[in-house]
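The lines below spell out each chain.
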Amino acid sequence: MKYRELKRCNNLKVSEIALGCEGFIGKSPDEFKAMLDRAMELGINFIDMYTSNPEFRDYMGAAIAGKRDRIVLQGHICSIWENGQYLRTRDFNKVRAGLEDQLQRLGTDYLDIGMIHYVDGESDFAEVYGGEIIEYCKELKASGKIRAIGLSSHNPIVARKAVETGLIDVLMFSVNAAYDMQPASEDCNDLWDPKNYQDGRIGMDPERKALYELCERENVAIDVMKAFGGGDMLNEKLSPFGVAFNEYQCIEYCLTRPAVVSVMAGCHSIAEIEKAVSYYDASREDRDYSLVLSRMDKFQFHGNCMYCGHCAPCNAGINVADINKYLNLALAQGEVPETVADHYKLLEHHASDCVACGRCVRNCPFGVEVIQRMQKAVEVFGY
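Cut-off values and rules
- Residues numbered from 1 in each chain as written.
- Predicted model: local features only at pLDDT ≥ 70, side-chain atom pairs only at ≥ 80, totals over all residues.
- Heavy atoms only, no water.
- Buried < 20%, exposed > 50% of the residue type's maximum accessible area, 1.4 Å probe, protein only.
- Helix = DSSP H or I, 4+ residues; strand = E, 2+ residues; numbered from the N terminus.
- Pairing = 2+ DSSP bridges.
- Disulfide = S-S within 2.5 Å.
- Phe/Tyr/Trp six-rings, centres within 6.5 Å; stacked < 30°, edge-to-face > 60°.
- Lys NZ or Arg CZ within 6 Å of the ring centre and 35° of its normal.
- Contact = heavy atoms within 4.5 Å.
- 1 Å grid on protein atoms, 1.4 Å probe; cavity = no way out; pocket = protein on both sides within 12 Å on 5 of 7 lines; lining within 4 Å.
- Points joined across faces, edges and corners; volume = space filled by probe spheres on them.
- Nonpolar A, V, L, I, M, F, W, Y, C, P; charged D, E, K, R; others polar.
- Core = buried A, V, L, I, M, F, W, Y, C linked by side-chain atoms within 4.5 Å.

Undergrad: Provide a residue-level description of the pairing of strand β13 (residues 260-265), including the pertinent values.
TA: Judged by how many residues are buried, β13 sits mostly within the fold: 6 of 6 residues are covered. Bridge analysis of strand β3 (residues 17-19) against β13 gives 3 bridges, and the strand direction is parallel. Looking across to β13, one finds that Ile17 is bridged to Val263. Pairing geometry for strand β12 (residues 221-225) and β13, over 3 bridges, is parallel. Among the inter-strand pairings, Asp223 is bridged to a residue of β13, identified as Ser262.

Undergrad: So, the state of the cysteines: which residues are in play, and what are the values?
TA: Covalent bonding between the sulfur atoms of two cysteines defines a disulfide. Throughout the structure, instances matching the rule amount to 0 disulfides. There is no disulfide at Cys360, and the cysteine sulfur nearest it, in Cys354, is 6.1 Å away. Among the residues examined, Cys360 registers a relative accessible area of 12% and is labelled buried.

Undergrad: Lay out unusual backbone geometry with the relevant residues and their values.
TA: Here Ala312 and Pro313 are connected by a cis peptide whose omega angle stands at 0 degrees. By the element assignment, Pro313 lies in the loop between β14 (299-300) and α12 (320-333). Despite not being glycine, Asn219 has its phi angle at roughly 60 degrees, a positive value. Positionally, Asn219 belongs in the loop between α7 (206-218) and β12. Despite not being glycine, Ala356 shows a phi value in the positive range, around 55 degrees. The class for Ala356 is partly exposed, based on a relative accessible area of 46%.

Undergrad: How would you explain the packing of aromatic side chains if you had to name every residue and give the values?
TA: Following the criterion strictly, the structure yields 11 aromatic pairs and no others. Here the aromatic rings of Tyr253 and Tyr289 are separated by 5.3 Å at their centres, their planes lie at 80 degrees, and the arrangement is edge-to-face. Linking Tyr253 in helix α8 (residues 247-255) with Tyr289 in the loop between α10 (284-287) and α11 (290-293), this pair joins segments that are 36 residues apart in sequence. Assigned by exposure class, Tyr253 and Tyr289 land together as buried. Among the aromatic residues, those joined into a ring-pair cluster are Phe24, Phe32, Phe56 and Tyr59. Positioned above the aromatic ring of Tyr110 is the side chain of Arg68, whose terminal nitrogen or guanidinium carbon lies 4.1 Å from the ring centre. Between the NZ or CZ atom of Arg88 and the centre of the ring of Tyr118, over which it lies, the distance is 4.4 Å.

Undergrad: I'd like a rundown of the side chain of Glu16, residues and numbers included.
TA: Position of Glu16 relative to the elements: it lies in the loop between β2 (12-15) and β3. Judged by relative accessible area, Glu16 falls into the buried class, the value being 7%. Here Glu16 is in contact with Met1, Lys2, Tyr3, Arg4, Leu255, Val261, Ser262, Val263 and Tyr280, once residues within four sequence places are set aside.

Undergrad: Got a sec to walk through the layout of surface pockets? Specific residues and values, please.
TA: Summary: where empty space remains is shown by rolling a probe the size of a single water molecule over the atoms. What the largest pocket holds in volume is close to 1,000 Å³. What lines the largest pocket is a set of 39 residues, and nearest its centre among them are Arg4, Leu255, Thr256, Asp322 and Lys325. Where the lining of the largest pocket is concerned, the elements lending two or more residues are β1 (3-6), α7, α8, β13, α10 and α12. For the lining of the largest pocket, the leading source of residues is α12, giving 5 residues. Its residues placed into classes, the lining of the largest pocket shows 19 nonpolar, 7 polar and 13 charged. In this structure, the second largest pocket spans a volume of roughly 770 Å³. Lining the second largest pocket are 33 residues, with Glu22, Tyr50, Lys226, Met264 and Gly266 sitting closest to its centre. Of all the secondary structure elements, the ones that give two or more residues to the lining of the second largest pocket are β9 (149-153), β13 and α9 (270-277). The element best represented in the lining of the second largest pocket is α9, accounting for 3 residues. Partitioning the lining of the second largest pocket into residue classes produces 15 nonpolar, 12 polar and 6 charged.

Undergrad: Any chance you could break down the side chain of Asp180 for me, citing the residues and the numbers?
TA: The residue Asp180 is located in the loop between β10 (170-174) and β11 (201-202) in this model. Judged by its relative accessible area of 0%, Asp180 is buried. With sequence-adjacent residues up to four places away left out, Asp180 is seen in contact with Val175, Met204, Asp205, Arg208, Tyr212, Tyr253 and Arg257.

Undergrad: Help me get a handle on the nonpolar core, residues and values and all.
TA: Counting residues in each nonpolar core, the largest one holds 111 residues, and the members touching the most others are Phe241 and Leu293. When sequence neighbours within four positions are dropped, the list of residues in contact with Phe241 reads Ala177, Ala178, Met181, Met233, Leu293, Met296 and Phe299. Among the nonpolar cores identified, the runner-up in size contains 15 residues, and Cys9, Val14, Ala221 and Val261 belong to it.

What follows is the structure, given as structure tokens:
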């Protein structure tokens, strides 16, 4: 297992492969504990708990007893249980009661990340950030009941507004190659509506690209939901592309996006947990999402660096994908932010080391003019 830092959370480290909670719902206490124990044995230390199901919370509390300091819990604020079912609410009294219930059932006095639940609409964003909810989250963080403030969203415009407030430490966002081509919408169902893919798409949606780059600049960690598109990406008949990805390609795609620290896999069994973690044992070919993206006719990524790493190996040892990432961050900002300059400086080799041999250009499946990009990086960074 590999780990990445939540940089705004005292550099807390979380596993790249993490767990969504839906696969635990309906399990017996023993099955629940066995799944969590196996996940932890494999190095998984991060779990999202969007559900307000009281049985889930009770079982989770029992499963983590004596292990609280070894697991990073992301619990959702504004997700409550009412009349025997889940409810998203902005009613402050219900929100507060729901959080206290969550902590009590989990047997802990804090959450590592308090995730403001599901904000896709701009009016909803205004209600959350203009009223009691955000003030409550700030109080929870100040008191130590949550260590970080998060927000979950499917809408890049709303998510960007949240990040721009400076209050968000972690963003839970829906990421996969298909969704990344879709324009912003307040209805998350648009992301998987087949009619929105019928005429094809060209490149990543600019709003989503800008969101990822903003999070990278501001050290806001992204943990990924919907990496497999609810399973649709893995099925040729259901995939928006009409081509199936495998689990490893979906995970690799997400982990190569700027700011992403972890992928929440919705595993329903020990076997599925082991399958997700076997990503680290998979061959480069099995993880290579460019093999799918570069061979499609209706969906074009030509000319865009997808950070897939196919440009390697470089004769000069340059990490071309990382230089392209930092160059994109600087160009989007119109200047070189200090954090980006520091990341660039720490690279073992820089764009000025490029000998223009053209090997990377020949290797790139997306037709990126890599040599010109290296020249631009020298212009922007100075070396």
